[in-house]
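Residue strings, one per chain:
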Amino acid sequence: MKRVLIIGGYGNFGSYIARALASDPNVTLLIGGRSQRKADAFATALAATNPAEGCVVDIDEDIACRLREVDPDIVIHTTGPFQLQDHRVARAAIAAGAHYLDLADAREFVATIGELDGAARTAGVAVIAGASSVPCLTAAFIDHYRPHFSRLDRAVYGIAAAQATNRGLGTAAAILSYVGKPFTIVANGRRKRVFGWQGLHAVRYPELGLRLFGYCDVPDLELFPARYSALRELRFVAGHEVKLLHIGTWLLSWLVRLGIVKSLLPYAERLLRLSFLFDPLGSDKSGFHMFLSGVGLDGAAADVRVFMIARQVHGPNIPCIPAILLARKMASGEPITPGATPCLDLLNLDELLSAISDLDVTTTATGDGINDRWHSSDKLNANVLRRLRLSK
């Protein structure tokens, strides 16, 4: 049995991971956070197979000492924003002899995790950064459809948020940390400088309609040009569901780009509160799109269009899936190679999409000779009917 510490365990992402692992007989959960009261209350409410424990863990304090005291076998770090952090939690996990996973979406943070590879190998532990939507799920989609191309030229993709999402300050701070700030994408086969939340454009989704998007800085932009060396265009975008809110953020990005405001980060709490005023205009539906294009195996132009539609505010659960799957593998004793790496080549698309089968999510992919569909709610509805029958 493995002791699994979730840092931020009663937060939005941490709580979903905890609930998913609570029934695993190989896991004893340690719910870590700044409040002992909140950690204890959440641990008790889990009613886990092996009783969960609450504990105070503050990453801004002496985290190395604290991890030695808590003595976990596996550490799952969910407390963002990772754009403002270094690798001190991962280093502390290595020093404590624990495997480490995080949900980081910060470009430099994930791309430089390999700096800890030697220490992790010496300690015999795995250190995996970005066990989340980016770069894990996005790479899994590209890898799944890459064999349909003799040359993959273009990968353009993004996330369409649901306004009803239970947004936290950490998520808001992560986005605002790069709004209006410069970073690079790949365009026309070379690096191009762009600015966060600019590049305003629209994508029409099935079921969701027209959604607005702007440039976002993610680990993929650093990792994928070497991984998929033929790419001539690579960009990641994101957008608010409510168009007025999205345009407002786009306008604020110009204040940063023009140097009128150094950063929107100091205003994160106020802007987050303001965003909730738009909730009546939104819905519980979010989405993901990925457009791949290049040269097919027959030498002709080829493309693949992927859409994920998540309902009932289930979209924010998807970023947790890679960490859940990897934690289960670690806890079961499945061999895992020691070392420090971004979360690439560890999970395939079938594993990831199978793991969201209890969520109300539909995934489709179309292209020449491709008409794939994963409809998670089919199983979800079957489970609901089964429970209703058993309750009679």
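Residues numbered from 1 in each chain as written. Predicted model: local features only at pLDDT ≥ 70, side-chain atom pairs only at ≥ 80, totals over all residues. Heavy atoms only, no water.

Caption draft 1: Here's a closer look at the nonpolar core. Leu29, Ile76 and Phe141 are the most contacted members of the largest nonpolar core, which has 127 residues in total. Not counting residues within four places of it along the chain, the set of residues in contact with Ile76 comprises Val4, Leu5, Ile6, Ile7, Ile17, Leu21, Leu101, Leu103, Ala323 and Ala327. (Core = buried A, V, L, I, M, F, W, Y, C linked by side-chain atoms within 4.5 Å. Buried < 20%, exposed > 50% of the residue type's maximum accessible area, 1.4 Å probe, protein only. Contact = heavy atoms within 4.5 Å.)

Caption draft 2: Representation of helix H11 (residues 268-275) within the structure. Within the sequence span of H11, burial applies to Ala268, Leu272 and Ser275. End-on view of H11: buried residues confined to an arc of 60°, all on one side of the axis. Those residues of H11 that are buried are in contact with helix H8 (169-176) and helix H10 (243-257). (Helix = DSSP H or I, 4+ residues; strand = E, 2+ residues; numbered from the N terminus. Arc of directions from axis to C-beta.)

Caption draft 3: Quick look at the side chain of Asn50. With respect to the element layout, Asn50 can be found in the loop between helix H2 (36-46) and strand S3 (53-56). We classify Asn50 as buried; its relative accessible area is 14%. Once residues lying within four places of it in the same chain are set aside, the contact partners of Asn50 are Met1, Asp24, Pro25, Asn26, Val27 and Thr28.

Caption draft 4: Spotlight on the side chain of Asp153. Examined against the element boundaries, Asp153 turns out to sit in strand S7 (residues 149-160). Aside from chain neighbours lying at most four places away, what touches Asp153 is Ala230, Leu231, Arg232, Glu233, Ser293, Gly294 and Val295.

Caption draft 5: Quick peek at the packing of helix H7 (residues 133-145) against helix H9 (residues 220-227). Where H7 contacts H9, the two axes come as close as 11 Å, and the packing angle between them is 30°. Considered as vectors, H7 and H9 are oriented roughly parallel to each other. Considering only the axes of H7 and H9, their crossing is right-handed. Counted together, Val134, Pro135, Thr138, Ala139, Ile142 and Asp143 of H7 and Asp220, Leu223, Phe224 and Arg227 of H9 form the full contact between these two elements. Classifying every residue of the contact of H7 with H9 by side-chain character gives six nonpolar, one polar and three charged. (Axes fitted to C-alpha atoms, helices over the stretch in contact; angles between N-to-C directions. Parallel < 35°, antiparallel > 145°, perpendicular 65-115°, else oblique. Left-handed = near helix turned anticlockwise from the far one by under 90°. Nonpolar A, V, L, I, M, F, W, Y, C, P; charged D, E, K, R; others polar.)

Caption draft 6: Representation of the sheet that holds strand S4 (residues 74-77) within the structure. Pairing within the open sheet is parallel, and its seven strands lie in the order S3-S2-S1-S4-S5-S6-S15. Strands at the two margins of the open sheet, each flanked by one partner only, are S3 and strand S15 (339-342). The sheet shows a mean angle of 20° between the axes of neighbouring strands, taken without regard to direction. Where strand S1 (residues 2-7) lies against strand S2 (residues 27-33), six bridges are found, and the strand directions are parallel. (Pairing = 2+ DSSP bridges.)

Caption draft 7: Fine view of the pairing of strand S11 (residues 209-215). Counting buried positions over the seven residues of S11 gives six, a clear majority of the element. In this antiparallel pair of consecutive strands, strand S10 (residues 201-205) and S11, the connection spans three residues, and Glu207 shows a positive phi of 75°. As defined by bridge partners, S11 adjoins strand S12 (residues 233-239) across two bridges and the pair is classed as antiparallel. Looking at the pairing, Gly214 lines up with Ala238 of S12.

Caption draft 8: Structural detail: the pattern of salt bridges. Within this structure, the stated rule accounts for 20 salt bridges. For the salt bridge of Asp217 with Arg107, the shortest nitrogen-to-oxygen distance reads 2.9 Å. A residue pair is termed long-range when its members are at least 10 positions apart, and Asp217 in the loop between S11 and H9 and Arg107 in helix H5 (residues 107-111) qualify at 110 residues. The buried category is assigned to Asp217, whose relative accessible area is 16%. (Salt bridge = Lys/Arg side-chain N within 4 Å of Asp/Glu carboxyl O.)

Caption draft 9: Structural detail: the pairing of S3. As judged from the four bridges shared by S2 and S3, these two strands associate in the parallel manner. The partner of Gly33 across the bridge, within S3, is Val56. Once the chain exits S2 it traverses H2 before rejoining the sheet at S3, and the crossover so formed is right-handed. (Right-handed = clockwise from strand over helix to strand, strands pointing away.)

Caption draft 10: Fine view of the packing of aromatic side chains. By the definition in use, this model includes ten aromatic pairs. Both rings, one in Tyr205 and one in Phe307, keep their centres 5.1 Å apart while their planes meet at 65°; by these two values the pair is edge-to-face. Taken together, the residues Tyr205 in strand S10 and Phe307 in strand S14 (residues 301-310) connect sequence positions 102 residues apart. Take Tyr205: its relative accessible area is 3%, and that puts it in the buried class. Overall, the relative accessible area of 9% leaves Phe307 in the buried class. The structure contains a cluster of three or more aromatic residues connected by ring pairs, namely Phe141, Tyr157, Phe236 and Phe288. If you follow Arg305 out to its NZ or CZ, it ends over the ring of Phe291, 4.1 Å from the centre. (Phe/Tyr/Trp six-rings, centres within 6.5 Å; stacked < 30°, edge-to-face > 60°. Lys NZ or Arg CZ within 6 Å of the ring centre and 35° of its normal.)

Caption draft 11: Representation of helix H3 (residues 63-70) within the structure. For H3, every residue scored as buried is listed here: Ile63, Leu67 and Val70. Relative to the axis of H3, the buried residues are bounded by an arc of 65° and lie together on one face. Structural note: H3 exposes Arg68 and Glu69 on the side pointing more than 90 degrees away from its buried face. The inward-facing, buried residues of H3 contact S1, S2, S3, S4 and helix H4 (88-95). Once H3 ends, the next one or two residues include Asp71, with phi positive near 60°.

Caption draft 12: Main features of the environment of Val125. Considering the arrangement of structural elements, one finds Val125 in the loop between helix H6 (117-123) and strand S6 (126-129). It is 42 Å that separates the C-alpha atoms of Val125 and Arg211, two residues lying 86 residues apart in sequence. Setting aside residues up to four positions removed in sequence, Val125 forms contacts with Ile94, Gly97, Ala98, His99, Ala120, Pro338 and Gly339.

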